[in-house]
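Residue-level structure breakdown
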Amino acid sequence: MERPDVQYPKMVQGMSEDGKLMITIAREEGVDWNPLKDLTAKAYQILSEDFQMPPVKIFLEKNSPVGAGLGGGSADAAFALKMMNELCGLNLSEQQLAAYASRLGSDCAFFIYNRPMIGEGRGEILTEYDLDIMDSYEIQVVTPAGIAVSTKDAYGGIRPHLPEVELRKALSMPVEEWDGILVNDFEETVFAKYPELAAIKKSLYDSGAVYACMSGAGSALFAVYHI
């Protein structure tokens, strides 16, 4: 978790002990983690367990906010796997790449496919889902400054339960009916800790959104508007 009172370097670099992986990470707000612990570095490492990987240099410029629930780190890892698969001629299928990605994080496999999917299990069991219903809408994302939600804290406060309306059925309903039916269970505890997020969600509805919700474990929110 970032500390606002500490200045972190805007660029960090690391090299594996065997010299085969060099990773550089740049981020305007500063980098407060070991680059060799980044998920993109771990992507190289798990491929190295099964393939004779060539030396690789990774340059990662981070633009998505940390602790926003947008899956930025997971997306980086998934696309690192896809790029190394192509550049190193590994000839892995999407399903094989997704299997590697699921070892890096529960939501990493989703970004291998990079299209609408229903996630089950711990998030790694994915089924393609048609969301053509969204063609007449646009989505806007709000990333509140200065609020980074700890994924560990968010999961620690959640109490899983079956929804009143099954997800596939809820998604098939008109978007205007999603409010109160398509619910992010993280909102209850995260909003209690960060009431400003609840206020932002209300402001999105006030601005004309037909549906608004927190993204993942937060703190980003998104709103759906008619085009």
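Refer to the structure above for everything that follows.
What this report covers is the structure whose coordinates are included nearby. (Residues numbered from 1 in each chain as written. Predicted model: local features only at pLDDT ≥ 70, side-chain atom pairs only at ≥ 80, totals over all residues. Heavy atoms only, no water.)

Regarding the overall build of the protein
When you go through the protein residue by residue, the secondary structure sums to 8 helices and 8 strands. Projected onto its principal axes, the C-alpha positions of the protein cover 55 × 45 × 35 Å. Evaluated residue by residue, the protein yields a buried proportion of 40% over its 227 residues. Of the roughly 13,000 Å² of accessible surface on the protein, 54% is carried by carbon and sulfur atoms. Averaging the coordinates of the 19 positive side-chain charges in the protein and doing the same for the 33 negative ones gives two points 7 Å apart. (Helix = DSSP H or I, 4+ residues; strand = E, 2+ residues; numbered from the N terminus. Buried < 20%, exposed > 50% of the residue type's maximum accessible area, 1.4 Å probe, protein only. Areas by Shrake-Rupley, 256 points an atom, 1.4 Å probe, with all protein chains shown as cover. Lys, Arg positive; Asp, Glu negative; His and termini not counted. Charge placed at Lys NZ, Arg CZ, Asp CG, Glu CD.)

Section: the environment of Gly-69
By the element assignment, Gly-69 lies in the loop between strand E3 (56–62) and helix H2 (72–87). With a relative accessible area of 29%, Gly-69 lands in the partly exposed category. Once the C-alpha coordinates of Gly-69 and Val-210 are considered, the two residues, 141 residues apart in sequence, prove to be 21 Å apart. Not counting the four nearest positions on each side in its chain, Gly-69 is found in contact with Ser-215, Gly-216, Ala-217, Gly-218 and Ser-219. (Contact = heavy atoms within 4.5 Å.)

Concerning the packing of aromatic side chains
What the rule picks out here adds up to 4 aromatic pairs. Plain terms: the ring middles of Tyr-155 and Phe-186 are 4.9 Å apart, the flat faces sit at 75 degrees to each other, and that makes the pair edge-to-face. Pair noted here: Tyr-155 is in helix H5 (residues 151–157) and Phe-186 is in helix H7 (residues 186–193), with a separation of 31 residues, a long-range link. With relative accessibility at 10%, the residue Phe-186 sits in the buried group. For the pair Trp-178 and Tyr-211, a centre-to-centre distance of 5.4 Å together with 85 degrees between the ring planes defines the contact as edge-to-face. Note that Trp-178 is positioned in the loop between helix H6 (167–172) and H7 and Tyr-211 in strand E7 (residues 211–214), a separation of 33 residues in sequence. Across the pair, Tyr-211 and Trp-178 agree in class, each one buried. One aromatic cluster is present, built from ring pairs that chain together Trp-178, Tyr-211 and Phe-222. Sitting above the plane of the Phe-79 ring, Lys-82 keeps its charged end 4.7 Å from the centroid. (Phe/Tyr/Trp six-rings, centres within 6.5 Å; stacked < 30°, edge-to-face > 60°. Lys NZ or Arg CZ within 6 Å of the ring centre and 35° of its normal.)

Remarks on the sheet that holds strand E6 (residues 137–142)
Spatial strand order, E6-E8-E7: 3 strands in an open sheet with antiparallel pairing. At either margin of the open sheet sits one strand with a lone partner, and together these are E6 and E7. Taken over all neighbouring pairs, the strand axes of this sheet differ in orientation by 20 degrees on average, direction set aside. Examined bridge by bridge, E7 and strand E8 (residues 221–226) share 4 bridges and lie antiparallel to one another. Note that in E8 the partner of Ala-212 across the bridge is Ala-223. In the packing of H7 onto the sheet, the strands contacted are E7 and E8, and the crossing angle to E7 comes to about 75 degrees. Running over the sheet, helix H8 (residues 195–206) touches E6, E7 and E8 and is turned about 5 degrees from E8. (Pairing = 2+ DSSP bridges. Axes fitted to C-alpha atoms, helices over the stretch in contact; angles between N-to-C directions.)

Some details on the pattern of salt bridges
Applying the stated criterion across every chain yields a total of 12 salt bridges. Across the pair Arg-27 and Glu-29 runs a salt bridge whose closest N-O atoms are separated by 3.8 Å. For Arg-27, a relative accessible area of 4% puts it in the buried group. Exposure remark for Glu-29: the relative accessible area of 54% places this residue in the exposed category. We note a salt bridge from Glu-124 to Arg-122, for which the minimum N-O separation is 4.0 Å. Judged by its relative accessible area of 44%, Arg-122 falls in the partly exposed class. Within the structure, one salt-bridge network assembled from shared partners comprises Glu-94, Arg-115 and Glu-128. (Salt bridge = Lys/Arg side-chain N within 4 Å of Asp/Glu carboxyl O.)

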